[in-house]
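Below, each chain spelled out in residue letters.
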Amino acid sequence: MNDHAIAHIAAAAAALVADEGMELGEAKRKAARDAARRGGRRAELPPDEQVEDAVREHLAVFHADTQPAELRALRELALRWMERLAPLRPHLAGAAWRGTATRRSALRIDLYCDDPKMAEIHLLNLGPTFDVASLDRPGAEPLPVWTTRAACPALGEPVTLHLFLRDADEQRGALQPDARGRSWRGDVAALRRLLVDPA
């Protein structure tokens, strides 16, 4: 597949991320399936960084007047939750961390737990009702995911919050940067710095 076709998939995925709140991986797969149906051949997936660049371009064209305030509201909500989750070493990931979130985006917080049972007790004591599911991972144990709807007064509507219960040993690898040296997630201190200086 040529670079033009891959760029087209990246742009289509970017629209799904920005306008529908899809995660990067899901958006790439849907855009590639749509391209394959139109072209009759299997489509190659663009790298995450290329899709993220396309998301930023899409936001600049279609959401420049609303996205910065929505992103800040989501990051402030994430910080409040991360402070409540402090014993579980929370790290914000996904669009809210990377700066591409809109009001349609879900919040993704990774929790690094020495004792999964104690983590579950902590979550149950927080108060809200959670839906609990698991995410299949090739070559690894399924990842428990706790999901709830968190009130966000700044947006005037609730936000979907996903909490991923990871083993503490995964934390070191999770903090590896992308190809451009940018982190994929950040802890409470890093998020506070972002709220002071988004750049």
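Use the structure listed above.
A. Representation of the overall build of the protein chain within the structure. The helix and strand inventory of the protein chain stands at eight helices and six strands. Beginning at the N terminus, the succession of helices and strands in the protein chain can be written as α-α-α-α-β-α-β-α-β-β-β-α-β-α. The globule rule puts the C-alpha radius of gyration for 199 residues at 16 Å, and the 17 Å found for the protein chain is close to it. Structurally, the protein chain occupies a C-alpha span of about 50 × 40 × 30 Å along its principal axes. Expressed as a percentage of its 199 residues, the buried residues of the protein chain come to 45%. Summed over all atoms, the accessible surface of the protein chain reaches about 10,800 Å², with 52% contributed by carbon and sulfur. Computed over 28 positive and 30 negative side-chain charges, the inter-centroid distance for the protein chain is 1 Å.

B. Inspection of the packing of aromatic side chains at higher detail. For the structure on display, the rule yields two aromatic pairs. Relative to Phe130, the ring of Trp81 lies with its centre 6.5 Å away and its plane at 80 degrees, an arrangement referred to as edge-to-face. One end of the pair, Trp81, is in helix α4 (residues 67-84); the other, Phe130, is in the loop between α6 (116-125) and β3 (131-137), with 49 residues separating them in the sequence. A relative accessible area of 12% means that Phe130 is categorised as buried. Note on Phe130 and Trp146: the rings are 5.5 Å apart at their centroids and 65 degrees apart in plane angle, and the pair reads as edge-to-face. Residue Phe130 is located in the loop between α6 and β3, and its partner Trp146 is located in strand β4 (residues 140-150); the two are separated by 16 residues in the primary sequence. Side by side, Phe130 and Trp146 carry an identical accessibility label, which is buried. The rings of Trp81, Phe130 and Trp146 are connected pair by pair, giving a single aromatic cluster. A cation over a ring is seen here: Arg98 above Trp184, with NZ or CZ 3.9 Å from the ring centre.

The rules we used
Residues numbered from 1 in each chain as written. Predicted model: local features only at pLDDT ≥ 70, side-chain atom pairs only at ≥ 80, totals over all residues. Heavy atoms only, no water. Helix = DSSP H or I, 4+ residues; strand = E, 2+ residues; numbered from the N terminus. Rg over C-alpha atoms; globule rule 2.2 N^0.38 Å. Buried < 20%, exposed > 50% of the residue type's maximum accessible area, 1.4 Å probe, protein only. Areas by Shrake-Rupley, 256 points an atom, 1.4 Å probe, with all protein chains shown as cover. Lys, Arg positive; Asp, Glu negative; His and termini not counted. Charge placed at Lys NZ, Arg CZ, Asp CG, Glu CD. Phe/Tyr/Trp six-rings, centres within 6.5 Å; stacked < 30°, edge-to-face > 60°. Lys NZ or Arg CZ within 6 Å of the ring centre and 35° of its normal.

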